Amino acid sequence: MTGDVRTKGYNSSSIFFIPRVHTLVPKEQEWRINPYSQKMYTYFINYVTVKQLRGPQDAPICTVHSNSPAILLSLGGPSGNIWHDFTDVLIPLFLASKPFKREVQFMISSYNQEFVDKHSLILKDLTRYEIINFDQDKEVRCYPQMLVGLLNHRDFGIDPDRAFDRFDMFKFRLYVRNVYSLPREISIPYRTDPHLDKKPRLMLILRSTSRKFLNQEEVVDIITNNGFEVLQVEPKKSDNLTELSKLVDSCDVLMGIHGAGLTNIVFLRTNAVMIQVIPFGGSHMNNAAHGYYDRPAQEMKLRTLDYTITTEESSLLDKYGWDHPAVKDPEAVAETGWQDRQKYYWLEQDVRLNVTRFQPVLVKAIELLKG
């Protein structure tokens, strides 16, 4: 919206808009907007009402004036999970706000201080103004321009055809590394260390709930025996991303079972390797693995290796047996909808990695690092 835009957040969640003066008097209109970027998520979302008025006489009186534009976004939905933080909030917000060169104010519905603190470096790089808790804001703020709600291009991705300056995920990874004061253009650690006995470093992403390694020690042993130094990390919501980013930057390979922890590939160096262990679950799980992580990683100019587990490597076989539909026919289960897919393949499944079958993936990773 461009014109006279006024906000009334507290106990209202309303935006009042008077377009720039035209020959015709603007007609009154009203929209109810989901400000979260992924419009499929409607739970925990505070919808915003936008009212187009005929003139300022119908609008609330301004108490705070701004000459800069504003963006109103939401932290409702599943944000708080680092993959959703980037996919649903940070990447869409970056695309919307970066062209303003920090001359834009953020207003946040469903405000979450933990999110703001955790991602403060990126947020402060995108705006030089105070971030407003929209739902609790009792001021009537007036702006010359406002964007209500965000849109994402695709999961953990950017479409250069729709982005400013044809921005892409490779440039976004370099941007994130710059914000976190990581070296911008430098070879992977394995190639920069002059010591001949230097081992490539692999960060093994661990999980404590679903989709965890049941034979973690055996997994660590096979990685070590194939010439890697292993760094075991279990990401948490409370992580200091500045410290975590430096750990990831020190690694040549990031490996984990499909899940949010793989989002930390944004801190890797160009030509580093991501190894994704794909749980049992048929084509829908393979598609998710490719769309959520393989494609973004490749667009970031990282190398990717996938290892899809067999039925025997899934805990679902022990729990349900060969005759259960979740084991016998995952494609049929997938057709019943997300609820069953999530129950069996995302929430109830763990992995007992067949390290003998997995070993060639590690050999290939070494080849990529040396090549």
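Not measured: the values here are computed from a predicted model.

**Q** Is there a simple way to explain the nonpolar core in this structure?
**A** Across soluble globular proteins, you tend to see nonpolar side chains buried next to one another. With 102 residues, the main nonpolar core has F156, F172, M255, I275 and L353 as its most contacted residues. Listed in part, the 13 residues of the second largest apolar core include I132, F134, Y143 and V148.

**Q** Just to check I follow, could you spell out helix α8 (residues 282-299) for this structure?
**A** At 3.6 residues per turn, the α-helix brings residues three or four places apart onto the same side. In this model, α8 (18 residues) spans 25 Å end to end at C-alpha, consistent with the 26 Å of a helix rising 1.5 Å per residue. When the local axis directions of α8 are compared, the greatest deviation, roughly 40°, occurs at H290. Residues of α8 that are buried include every one of G282, H284, M285, A288, A289, Y293, D294, P296 and A297, and no others. Next to the buried residues of α8 lie α1 (82-97), α4 (169-179), β13 (273-278), β14 (303-308), α11 (330-335) and α12 (338-347). At the C-terminal side of α8, K301 shows a positive phi close to 65°.

**Q** Just to check I follow, could you spell out the packing of aromatic side chains for this structure?
**A** The description of an aromatic ring pair rests on the distance of the ring centres and on the angle between the ring planes. Tallying each qualifying case throughout the model produces 16 aromatic pairs. Seen from their ring centres, F156 and Y293 are 6.4 Å apart, and the 75° between their planes marks the pair as edge-to-face. Separated by 137 residues along the polypeptide, F156 in the loop between β9 (140-148) and α4 and Y293 in helix α8 bring together distant segments of the chain. Each member of the pair, F156 as well as Y293, carries the same accessibility label: buried. Aromatic side chains Y307 and F358 sit 5.2 Å apart centroid to centroid with 90° between the ring planes, which places their arrangement in the edge-to-face category. With Y307 in strand β14 and F358 in helix α13 (residues 355-370), this pair connects stretches of sequence that are 51 residues apart. Across the pair, F358 and Y307 agree in class, each one buried. Each member of the aromatic cluster is reached from another via a ring pair, and the members are F86, F94, F164, F167, F172 and Y175. Between R32 and the ring centre of Y47, over which it is positioned, the NZ or CZ distance is 4.0 Å.

The rules we used
- Residues numbered from 1 in each chain as written.
- Predicted model: local features only at pLDDT ≥ 70, side-chain atom pairs only at ≥ 80, totals over all residues.
- Heavy atoms only, no water.
- Core = buried A, V, L, I, M, F, W, Y, C linked by side-chain atoms within 4.5 Å.
- Buried < 20%, exposed > 50% of the residue type's maximum accessible area, 1.4 Å probe, protein only.
- Helix = DSSP H or I, 4+ residues; strand = E, 2+ residues; numbered from the N terminus.
- Expected span 1.5 Å × (residues − 1).
- Bend = angle between axes of the 7 residues up to and from the residue.
- Contact = heavy atoms within 4.5 Å.
- Phe/Tyr/Trp six-rings, centres within 6.5 Å; stacked < 30°, edge-to-face > 60°.
- Lys NZ or Arg CZ within 6 Å of the ring centre and 35° of its normal.

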